[in-house]
Amino acid sequence: MDLVAPDIDAYADAHTSAPPAYLATLDREARAELPYAAMLSGPVVGRFLETLVAFRGARMVLEIGTYAGGSALWMARGLADGGRVITCEIDERHATFAGRHFAASPHADRVDLRVGPALDTIAALPGPFDLVFIDADKAGYPAYLDAVLPKLAPGGLVVADNMLRDGAVLEANPDEGTRAIQALNDRVSSDPSLVATLLTVRDGLMLIRRA
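Cut-offs applied
Residues numbered from 1 in each chain as written. Predicted model: local features only at pLDDT ≥ 70, side-chain atom pairs only at ≥ 80, totals over all residues. Heavy atoms only, no water. Helix = DSSP H or I, 4+ residues; strand = E, 2+ residues; numbered from the N terminus. Rg over C-alpha atoms; globule rule 2.2 N^0.38 Å. Buried < 20%, exposed > 50% of the residue type's maximum accessible area, 1.4 Å probe, protein only. Contact = heavy atoms within 4.5 Å. Axes fitted to C-alpha atoms, helices over the stretch in contact; angles between N-to-C directions. Parallel < 35°, antiparallel > 145°, perpendicular 65-115°, else oblique. Arc of directions from axis to C-beta. Pairing = 2+ DSSP bridges.

Chemist: For the overall build of the protein, give the residues involved together with the corresponding values.
Modeler: Along the protein, the regular secondary structure elements total eight helices and seven strands. Against the globule reference of 17 Å for 211 residues, the protein gives a C-alpha radius of gyration of 16 Å, in line with a compact fold. On the principal axes, the C-alpha backbone points of the protein span a range of 45 × 45 × 30 Å. With 211 residues in all, the protein has 48% of them scored as buried. Across the protein, contacts joining residues at least 24 apart in sequence account for 70% of those joining residues at least 6 apart.

Chemist: Requested: an account of the packing of helix H7 (residues 141–148) against helix H8 (residues 176–190), with residues and values cited.
Modeler: Direction vectors running N to C along H7 and H8 enclose 40 degrees, while the axes themselves pass 9 Å from each other. One element, H7, and the other, H8, form an angle in the oblique class. The segment H7 lies against H8, with Tyr-141, Pro-142, Leu-145 and Asp-146 engaging Ala-180, Ile-181, Leu-184, Arg-187 and Val-188.

Chemist: Any chance you could break down H7 for me, citing the residues and the numbers?
Modeler: Burial in H7 covers these residues: Tyr-141, Tyr-144, Leu-145 and Val-148. For H7, the buried positions fall inside an angular range of 100 degrees around the axis, keeping them on one side. Among the structural elements, strand E1 (60–64), helix H6 (118–124), strand E4 (129–134), strand E5 (152–160), H8 and strand E7 (205–210) are those in contact with the buried residues of H7.

Chemist: Which residues make up the side chain of Asn-185, and what are the values?
Modeler: As for its position among the elements, Asn-185 is in helix H8. You can call Asn-185 buried: its relative accessible area is 11%.

Chemist: Before we move on, can you summarise the pairing of E7 with the specific residues and values?
Modeler: When E5 meets E7, the two strands line up antiparallel, connected through three bridges. Residue pairing across strands places Val-159 opposite Leu-207, the latter belonging to E7. As defined by bridge partners, strand E6 (residues 194–199) adjoins E7 across six bridges and the pair is classed as antiparallel. What sits directly across from Leu-198, in E7, is Met-206. The hairpin formed by E6 and E7 contains five residues between the paired strands, and Arg-202 there has a positive phi angle of roughly 50 degrees.

Interpretation in functional terms is not warranted from these geometric data alone.
Here it is as C-alpha cells:
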C-alpha cells in the first residue's frame, strides 16, 4: 500500500535539503550491499530526526536498531556540543557496514555503536536520554518502550518508526510484528501519563512524551 502518493513522496524528497555526500554514499552502498532497502530512513525521515535532536538540544540520544547507520548519522548532525548517539544493533553484518560509515563520517566521535541485544545494552546504560529512536524488530517495540521510559530525561522524546506497517495496522489478522504495533498504538494513545502523536510520515512515526 502506498501511504503517500508516489509523486507527492518524490516532491517531498525533492524539496527536503539534500543529504551530505557521506550520507548519500551510505545510502547508495547500503542499497547495493544490504538486504531490505526499504529499511533505510531516507532524507525526509533523516532530516526530521536531525531537526528533532537539534530542537531538543539533545546531548544523549539512544537508537534501537542501527541497520546501515544512516539514522544515527542524521541524529549525530543535530546533537548539542559534546553529545553522542548510542546505537544498538544485533546483526553483525549490519554493525560492520554501519561502523565503516561511522568511521568515514565527520561524526565518528559522536556515535557509539553497541553490538548485542538492545535490552541488555539499555539495562547497562544509566541515561537519561533526551531522545530515543526505536526502529528494530517490531515484536520487541513494547519491551523497548518499557525499558527506555524510566530513563527518559524530563522533556525527553521517544520516536518509534514503522507504526503504520505499510497500512497493515488496518488489517484484522496481521502478522506478529504488526499485532505488536497495533497494541502499542492503542496503548500509548490511551495512556493518560503519555502524549502520543502518530504522524503519517513515510511508514508512520509515533512521537511519545510524558504528559
